[in-house]
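Fold and contact review
Letter by letter, the chains look like this.
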Amino acid sequence: IIGIYAEVGEQVQAGRIIAEIKNSTQRAQVTSAIGSVEQAEALLIKTQQGSRTEQISILELKLKQAEDLLNEAKQSTINTLLSESGTADDAVLNKIDQFFNNPRSTDPQLSFITTDSQLKIDIEFGRFVVGNILNTWNSELGNLNIDSDLFASLDTAKENLIKIRDFLDDVAQAVNSLTVNTNLSQTTISTWKG
C-alpha cells in the first residue's frame, strides 16, 4: 500500500480514491494487454476488409467477364440475324426475281407459264408477301442492338424464314416442272434449276 486517503467509517463519495496499492506490474500487464487487443482488432479489421475487398474484386471481375460474354453472345446473335436476312434477301431479290415481271410491285407476275394455276397464284401472291416480310424485317434489324429483345427477334426471324422457305419451295416446284418450249430453252431451264 502506497497511500490511504480515507479513515475507517468515513463517509466518501462514489468514485473517490480511498487507497492506492503499488500496481505498476499489473498496470504494465493491463496496458500491454490493451495494446495486444487493439493490435488484434486492427488486424482483424484489416483482414476482414482485405478479404471482403479481395472477394468483391474477384466477384466484380467475374461479373464483368460474364457481362462481356453476354454482350459478345448478343452481338453474335445480331450478326447471325443480319446474315440470315442478307441470305434471304439474296435468294429472293437476286435469284428468284429473275422469274418475275415487276417482282417488287404489288402485282408480281411469273415470267413463265406453269400448268398448275393454283401454284402460279400462290407464287405470285407469295412474292408480294415475301417482299413485305423482307422490307419489314430489314427495317426491324436496322434498329437492333444488344439491349433489344433478341429472343423476340429470333422468333420473328424463324417465322420469316419459314415463310420464305415455303415460298422458295413453291418456286422450286414450278421451275422443276418446266419443259422445253418455244419460249424456254433447255439451257435456260437448266440455269434456272441450278
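It should be emphasised that the depicted structure is a prediction, and the values quoted were computed from it without experimental measurement. (Residues numbered from 1 in each chain as written. Predicted model: local features only at pLDDT ≥ 70, side-chain atom pairs only at ≥ 80, totals over all residues. Heavy atoms only, no water.)

1. Digging into helix α2 (residues 117-142)
Operational definition: Secondary structure elements are taken from DSSP: a helix is a run of H or I of four residues or more, a strand is a run of E of two residues or more, and numbering for both begins at the N terminus. What a helix is expected to span follows from its residue count: subtract one and scale by 1.5 Å. A 1.4 Å probe rolled over the protein chains alone gives each residue an accessible area, and that area as a share of the maximum for its type sets the label: buried under 20%, exposed over 50%, partly exposed in between. A 3.5 Å cut-off defines polar contacts: any pair of N or O atoms within that distance qualifies, except that in protein one atom must be a possible hydrogen donor and the other a possible acceptor, and neighbouring residues in sequence count only when both atoms are side-chain atoms.
Spanning 26 residues, α2 covers 38 Å between terminal C-alpha atoms, matching the ideal 38 Å at 1.5 Å per step. Residues Leu119, Ile123, Glu124, Gly126, Arg127, Val130, Gly131, Ile133, Leu134, Trp137 and Leu141 constitute the buried set of α2. Near the N-terminus of α2, the side chain that reaches the backbone nitrogen of Gln118, with its oxygen 3.2 Å away, is that of Asp116.

2. Topic: the nonpolar core
Note on soluble globular proteins: their nonpolar side chains tend to be buried together. Selection rule: We define the nonpolar core as a collection of buried residues of types Ala, Val, Leu, Ile, Met, Phe, Trp, Tyr and Cys that are connected through side-chain atoms lying within 4.5 Å of one another. Note on contacts: a residue pair qualifies if any of its non-hydrogen atoms lie within 4.5 Å across the two residues.
Residues Phe99, Phe112, Ile123 and Ile164 are the most contacted members of the largest nonpolar core, which totals 28 residues. Secondary structure elements with two or more residues in this core: α1 (24-95), α2, α3 (150-176) and α4 (186-193). Leave out the neighbours within four places in its chain, and Phe112 touches Phe99, Ala174, Val175, Leu178, Leu184 and Trp192.

3. Notes on the pattern of salt bridges
Any two side chains of opposite charge can pair, given that their charged atoms come close. We count it as follows: The working definition used for a salt bridge is a side-chain nitrogen of Lys or Arg within 4 Å of a carboxyl oxygen of Asp or Glu.
Throughout the structure, instances matching the rule amount to 6 salt bridges. The partner of Arg104 in a salt bridge is Asp97, with the nearest N and O atoms 3.5 Å apart. Look at Arg104 and you get exposed, because its relative accessible area is 60%. Its relative accessible area of 9% is what places Asp97 among the buried residues. Taking the shortest distance from any N to any O, the salt bridge between Arg127 and Asp97 comes out at 2.6 Å. Here Arg127 is found in helix α2, whereas its partner Asp97 is found in the loop between α1 and β3 (100-101), with 30 residues between them in sequence.

4. Things to note about unusual backbone geometry
A negative phi angle is the norm for most residues apart from glycine, just as the trans form is the norm for most peptide bonds. Although it is not a glycine, Asn102 sits at a positive phi angle of roughly 55 degrees. By the secondary structure assignment, Asn102 is in the loop between β3 and β4 (109-110). With relative accessibility at 56%, the residue Asn102 sits in the exposed group.

5. Topic: the environment of Leu82
Tracing the sequence through the fold places Leu82 in helix α1. On the accessibility criterion, Leu82 (42% relative accessible area) is partly exposed.

6. A closer look at the confidence of the model for the protein
Short version of the rule: Confidence scores here are pLDDT values: one per residue, from the predictor, ranging 0 to 100.
Looking at the protein, pLDDT values average 85 and 87% of them are 70 or higher. When the elements of the protein are averaged for pLDDT, strand β2 (residues 19-20) gives the smallest value, 60, and α2 the largest, 96.

7. Let's talk about the packing of aromatic side chains
Condition: Only the six-membered ring of Trp is used, alongside the rings of Phe and Tyr, when aromatic pairs are assigned; centres must lie within 6.5 Å, and planes under 30 degrees apart are stacked while those over 60 apart are edge-to-face, with the rest tilted.
Scanning the entire structure with this criterion turns up 5 aromatic pairs. Between the aromatic rings of Phe99 and Trp192, the centroid separation amounts to 4.9 Å while the plane-to-plane angle is 75 degrees, which identifies the pairing as edge-to-face. You can see Phe99 sitting in the loop between α1 and β3 and its partner Trp192 sitting in helix α4, a full 93 residues away along the chain. Exposure class is identical for Phe99 and Trp192. Each is buried. A centroid spacing of 6.4 Å and a plane angle of 25 degrees characterise the contact between Phe100 and Phe167, whose relative ring orientation is stacked.

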